[in-house]
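Tertiary structure, described
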Amino acid sequence: MAHPAQHDHQQHTGHEHHGHHEQHAHEQHAHHRHGGGPVTWASAAQATLHCLTGCAIGEILGMVLGTAFGLSNGATVVLAVLLAFVFGYALTMRGVLKAGLDVRTAVKVALAADTVSIIVMEIIDNAAMMTLPGAMDAGLADLVFWAALAASLALAFVVTVPVNKWMIGKGRGHAVVHAYHQH
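Here is what the cut-offs are and how they apply
- Numbering of residues begins from 1 in every chain and follows the order in which that chain's sequence is written.
- Where local features are concerned, this predicted model is filtered to residues with pLDDT of at least 70; where side-chain atom pairs are given and counted, the filter is 80 or more; whole-chain, interface and lining totals use all residues.
- Values shown for side chains rest on all heavy atoms present in the structure; no hydrogens or waters enter the calculation.
- The numbering of helices and of strands both runs from the N terminus, where a helix is a DSSP run of H or I of at least 4 residues and a strand a run of E of at least 2.
- Burial status follows relative accessibility: with a 1.4 Å probe on protein chains alone, a residue under 20% of its type maximum counts as buried, one over 50% as exposed, and anything between as partly exposed.
- Contacts between residues were defined by any pair of non-hydrogen atoms, one from each residue, lying within 4.5 Å.
- Each accessible area value is a Shrake-Rupley result obtained with a 1.4 Å probe; residue values ignore everything except the protein chains displayed when judging cover.
- Under this scheme, a helix contributes an axis fitted over its contacting stretch, all axes are lines through C-alpha atoms, and angles between N-to-C directions fall in the 0 to 180 degree range.
- Throughout, a crossing is termed right-handed when the near helix is turned clockwise from the far one, and left-handed when it is turned anticlockwise from it by less than a right angle.
- Neither His nor the chain ends is counted toward charge; the positive residues are Lys and Arg and the negative residues Asp and Glu.
- The working definition used for a salt bridge is a side-chain nitrogen of Lys or Arg within 4 Å of a carboxyl oxygen of Asp or Glu.
- Any N or O atom pair separated by 3.5 Å or less is treated as a polar contact, with the protein-specific requirement of one donor-capable and one acceptor-capable atom, and with residues adjacent in sequence counted only for side-chain atom pairs.
- Per-residue confidence from the prediction method is given by pLDDT, with values spanning 0 to 100.
- Take the residue count of a helix, subtract one, and multiply by 1.5 Å to get its expected span.
- Aromatic pairing here means that ring centres of Phe, Tyr or Trp (its six-membered ring) are within 6.5 Å. Orientation follows from the plane angle: under 30 degrees is stacked, over 60 is edge-to-face, and everything else is tilted.
- Lysine and arginine charges are scored as sitting over a ring when NZ or CZ, respectively, is within 6 Å of the ring centre and within 35 degrees of the ring normal.
- The cut-offs work like this: below 35 degrees is roughly parallel, past 145 is roughly antiparallel, 65 to 115 is roughly perpendicular, and the gaps in between are oblique.
- Any residue outside Ala, Val, Leu, Ile, Met, Phe, Trp, Tyr, Cys, Pro, Asp, Glu, Lys and Arg is labelled polar, Gly included; the first ten of those are nonpolar and the last four are charged.

For the protein, the count of helices and strands is seven helices and zero strands. Ordering the α and β elements of the protein from the N terminus gives α-α-α-α-α-α-α. Counting all 183 residues of the protein, 34% fall into the buried class. Contacts in the protein between residues at least 24 apart in sequence constitute 72% of all its contacts with a sequence separation of at least 6. With the model as given, the accessible surface of the protein reaches about 10,500 Å², and the carbon-plus-sulfur share is 67%.

Written out as structure tokens, the structure is:
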């Protein structure tokens, strides 16, 4: 708490808010540029949502293709996981390529940013799909299939947010991408 005389001086000069704002802006810029430090749940959720988007595209496409072609449950899961990685990495690469990185560096950034998040998400998502009664045996026209897939992706999101929060706080995972964001 400020000394009363200091408080009055700050009120009269009007600079206490400006100084705090400059310090906060500098800390945010340093955090985004270098990673590490305190991470909000909102930023962890945003990183997870980004990952979930790529995973969901691949997962849904894999499940739909596997089901449509009558693949075994195991083959369908493998296809869905492979496509989840492809689309998850592709979304990250799209952003960093747009920021001017070469393809080789973009691949490295995508691998560093998304691998753990996608692994966690895919383990949770596919474990849920395999254990929810009737989910893997339901057809594409069956509500059970779509409800189970939506529930499994939602569960994967909830479990992966704390993982991403921890990783970003350590300057890993999605924090790697922040160095290449255009401000």
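Having seen the model, we can carry on.
Moving on, we come to the packing of helix H3 (residues 41–68) against helix H4 (residues 73–98). For the pair H3 and H4, interaxial distance at closest approach is 7 Å and the crossing angle is 145°. You can see that H3 and H4 cross each other, and the crossing is right-handed.

Note that aspartate 114 resides in helix H5 (residues 103–131). Notably, aspartate 114 is buried but unbridged: the nearest opposite-charge side chain belongs to arginine 94, and the N-O separation is 11 Å. Here the side chain of aspartate 114 touches threonine 92 through a polar contact of 2.3 Å, side chain to side chain. Apart from the residues within four sequence positions on either side, aspartate 114 is in contact with Gly88, Tyr89, Thr92 and His174.

Let's shift gears to the confidence of the model for the protein. Across the protein, the average pLDDT comes to 80, with 77% of residues at or above 70. Taken together, the stretch residues 1–35 has pLDDT below 50 and engages in 17 contacts with residues farther than four places along the chain or on a different chain.

The next thing to look at is the side chain of asparagine 164. Summarising the element assignment, asparagine 164 is placed in helix H6 (residues 143–169). Take asparagine 164: its relative accessible area is 2%, and that puts it in the buried class. Side chain to side chain, asparagine 164 and serine 117 meet in a polar contact 3.1 Å long. Residues within four places of asparagine 164 in sequence aside, it is in contact with Ala44, Ala47, Thr48 and Ser117.

This next bit is on H3. The terminal C-alpha atoms of H3, which comprises 28 residues, lie 38 Å apart, in line with the 40 Å expected from a rise of 1.5 Å per residue. Phi turns positive one or two residues past the end of H3, at glycine 70, with a value near 70°.

The relative placement of two aromatic rings is captured by the distance of their centres and the angle of their planes. If you walk through the whole model with that rule in mind, you get two aromatic pairs. Aromatic side chains phenylalanine 85 and tyrosine 89 sit 5.7 Å apart centroid to centroid with 50° between the ring planes, which places their arrangement in the tilted category. Residue phenylalanine 85 and its partner tyrosine 89 are both found in helix H4; the two are separated by four residues, about one turn of the helix. Per residue, the accessibility class of phenylalanine 85 equals that of tyrosine 89, and both read buried. For the pair phenylalanine 145 and tryptophan 146, a centre-to-centre distance of 4.9 Å together with 90° between the ring planes defines the contact as edge-to-face. The ring of tryptophan 41 carries lysine 165 above its face, with NZ or CZ at 4.9 Å from the centroid.

Okay, the packing of H3 against H5 next. The N-to-C vectors of H3 and H5 enclose an angle of 45°; their axes lie 10 Å apart at closest approach. Put simply, H3 runs oblique to H5. When the axes of H3 and H5 are compared, the crossing they make is right-handed. Where H3 approaches H5, its residues Thr48, Cys51, Leu52, Cys55, Glu59 and Met63 are matched on the opposing element by Ser117, Ile118, Met121, Glu122, Asp125, Asn126 and Met129. In terms of residue class, the contact of H3 with H5 is made up of seven nonpolar, three polar and three charged.

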